[in-house]
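Spelled out, the chains give:
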Amino acid sequence: MIDQVSALIREAAAEVVLPMFQHLSSADVSEKAPGEVVTVADQRTEEVLSAGLTALLPGSVVVGEEGVAADPALLDRLSGTDPVWLVDPIDGTANYAAGRTPFAIMVALVRDGTAVAGWIHDPVADSLTVAEAGSGAYVDGVRMRISADPPPPGGLRGPIMTRFFPPGVREAFRERARVLGEVLPGLHCAGREYADLVAGVQHFAVFWRTLPWDHVAGSFLVREAGGMACRLDGRPYEATSEGTGLVAAASEPIWHEVREVLRAAGV
Ligand code: IPD
Ligand code: CA
Ligand code: CA
């Protein structure tokens, strides 16, 4: 299954995402909501992936970002009994539409509300981060164990996505977070943040808005690599877990360190 889905994702990247990258006309880009850009490539990629994924697993259904934008009732599939493919056809659309990297394709397989497999593909680098439940996470075939080598205190590195934070908390958290180490502004591509965590390039990522196609695959991959991805109350983040706020970290101690800073800022 892992390899078949990987091949399908690579095919969608080669046939749709990469040929249209830096070749979009203004008619190919629109706003589905204020400040939320979508391109013809997002829609075509989701169509191609949806057809391929449901063919791979008879009885499965798709919850894709663009499908839900057109019909929000599709989200109900996440609490049903059929296996669900969660699809973010292009993550980092604002970058993609502007002709910039990074952007990613993300897919998760969810059974009974729990992720059991995940894929993040960087089409430009042709890099794939994948995992199946219990098998560990792999980047381009190499097993990743992110918590093996803990950094020194104050030596952490990671992004804090404050765009959707409550206004009062945003500045207080940014200020206090400096104690952690190097706080990055974020790359506008959640998939890349998770892939960098799994690869050990960064140690944490903090998100406020937690739409399932943005976070289920990545959270699952981080856990399979030995890290932790939980709501602020410590519940593992899953597709149907209600609420806002998500901290992904390379290890449990790092997760608690970041959580403490949030607490001190009033969250
Ligand atoms: C966005 C990216 C971004 C995150 C936004 C998402 P999209 O996804 O993942 O990093 O901060 O919340 O909406 O819309 O480009 O698929
Ligand atoms: Ca996304
Ligand atoms: Ca998207």
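Note that the structure is a prediction, hence the values are computed from the model and not measured. (Residues numbered from 1 in each chain as written. Chains lettered and ligands numbered in written order. Predicted model: local features only at pLDDT ≥ 70, side-chain atom pairs only at ≥ 80, totals over all residues. Heavy atoms only, no water.)

1. Some words on the pattern of salt bridges
For side chains of opposite charge, pairing can occur when their charged atoms come near one another. Test applied: A pair is scored as a salt bridge if a Lys or Arg side-chain nitrogen falls within 4 Å of a carboxyl oxygen belonging to Asp or Glu. In this text, helices come from DSSP runs of H or I with a minimum length of four residues, and strands from runs of E with a minimum of two, each type numbered from the N-terminal end. Burial classes follow relative accessibility: with a 1.4 Å probe on protein chains only, a residue under 20% of its type's maximum area counts as buried, one over 50% as exposed, and anything between as partly exposed.
All chains considered together, the criterion is met by ten salt bridges. The shortest N-O distance in the salt bridge between Glu-238 and Arg-223 comes to 3.2 Å. Of the two residues, Glu-238 is situated in the loop between β13 (228-230) and β14 (246-249) and Arg-223 in helix α7 (residues 212-224); the sequence distance between them amounts to 15 residues. Taking the relative accessible area as the measure of exposure, Glu-238 reaches 16% and is therefore buried. Look at Arg-223 and you get partly exposed, because its relative accessible area is 25%. Two residues, Asp-233 and Arg-235, come together in a salt bridge whose shortest N-O distance is 2.8 Å. Sharing partners across several salt bridges, the network here consists of Lys-32, Glu-65 and Glu-66.

2. Description of unusual backbone geometry
The peptide bond linking Thr-101 to Pro-102 adopts the cis configuration, its omega dihedral lying at 0°. A positive phi angle, near 50°, is found at Asp-126, a position not held by glycine. Assignment of secondary structure puts Asp-126 in the loop between β6 (114-122) and β7 (127-132). Judged by relative accessible area, Asp-126 falls into the partly exposed class, the value being 42%.

3. Digging into the UniProt feature "binding site: Mg(2+) 2" (unreviewed entry) in the chain
Formally: UniProt positions are given in the numbering used here, feature names are shortened, and annotations may be inferred rather than shown by experiment. Two residues qualify as a contact provided that any one of their heavy atoms is within 4.5 Å of a heavy atom in the partner residue.
As recorded in UniProt, the sites labelled "binding site: Mg(2+) 2" (unreviewed entry) are Ile-90. With respect to the element layout, Ile-90 can be found in strand β4 (residues 84-91). What makes Ile-90 buried here is its relative accessible area of 2%. In this structure Ile-90 touches Val-17, Thr-39, Ala-41, Asp-42, Glu-65, Tyr-96, Phe-103 and Ala-104, once residues within four positions along its chain are discounted.

4. So, the packing of aromatic side chains
Defined as follows: We call Phe, Tyr and Trp rings a pair once their centres come within 6.5 Å, taking the six-membered ring for Trp, and we label the pair stacked below 30 degrees between planes, edge-to-face above 60, and tilted otherwise.
Under the counting rule described, the total for this entry stands at seven aromatic pairs. Pairing Phe-21 with Tyr-96 gives two aromatic rings, centres 5.6 Å apart and planes at 25°, and the pair type is stacked. Placement of Phe-21 in the loop between α1 (2-20) and β1 (29-33) and of Tyr-96 in helix α4 (residues 93-97) is noted, with a sequence separation of 75 residues between them. In terms of burial, Phe-21 and Tyr-96 fall into one category: buried.

5. Points about helix α5 (residues 167-177)
Because each turn of an α-helix spans 3.6 residues, side chains separated by three or four positions in sequence point in the same direction. Applicable threshold: The directions from the helix axis to the C-beta atoms are what the arc is built from.
Taken as a whole, α5 has its buried residues at Val-169, Phe-173 and Ala-177. Looking straight down α5, one finds its buried side chains confined to an arc of 50°; they lie on one side. The outward face of α5, more than 90 degrees from its buried face, is lined by the exposed residues Pro-167, Gly-168 and Glu-171. Against β11 (181-184), β12 (204-207) and α8 (252-264) lie the buried residues of α5.

6. Let's talk about the coordination of the calcium ion (ligand 3)
Selection criterion: In this analysis a donor is any N, O or S atom within 2.8 Å of a metal ion (3.2 Å for sodium, potassium and calcium), and since water is not included, sites may seem incomplete.
With distances of 2.2 to 2.3 Å, the protein atoms coordinating the calcium ion (ligand 3) are Glu-65 (OE), Asp-88 (OD) and Ile-90 (O). Written as a sequence motif, the donor residues of the calcium ion (ligand 3) are E-x22-D-x1-I.

7. A look at the domain arrangement of the chain
What counts here: Where a domain begins and ends is set by an automatic assignment or by a domain database. Defined in terms of a 1.4 Å probe, buried area is the accessible area two parts forfeit on being brought together, summed over both. As used in this structure description, the phrase polar contact means that two N or O atoms lie within 3.5 Å; if the pair is within protein, one of them must be able to donate a hydrogen and the other to accept it, and residues adjacent in sequence are counted only when both atoms belong to side chains. Charged means Asp, Glu, Lys or Arg here, nonpolar means Ala, Val, Leu, Ile, Met, Phe, Trp, Tyr, Cys or Pro, and polar covers whatever is left, Gly included.
Each domain of the chain was delimited in the assignment, giving domain 1 (2-144) and domain 2 (156-264). One C-alpha centre belongs to domain 1, the other to domain 2, and the line joining them spans 21 Å. Taken together, the contact between domain 1 and domain 2 spans 41 residues of the former and 25 residues of the latter. Buried surface at the junction of domain 1 and domain 2, summed over both partners, amounts to about 2,400 Å²; 68% is from carbon and sulfur atoms. Together, Pro-102, Ile-120 and Met-144 form the three largest contributors to the area buried by domain 1 at its contact with domain 2, with a combined 19%. A salt bridge links Arg-209 to Glu-36; the nearest nitrogen and oxygen atoms lie 3.0 Å apart. For the pair domain 1 and domain 2, the interface holds eight residue pairs in polar contact (both at pLDDT 80 or more). Among the secondary structure elements, those contributing two or more residues to the side of domain 1 that touches domain 2 are α3 (65-70), β4, β5 (104-111), β6, β7 and β8 (136-139). Per element, the largest residue contribution to the side of domain 1 that touches domain 2 is eight residues, and it comes from β6. Residues of the side of domain 1 that touches domain 2, tallied by class, amount to 24 nonpolar, eleven polar and six charged.

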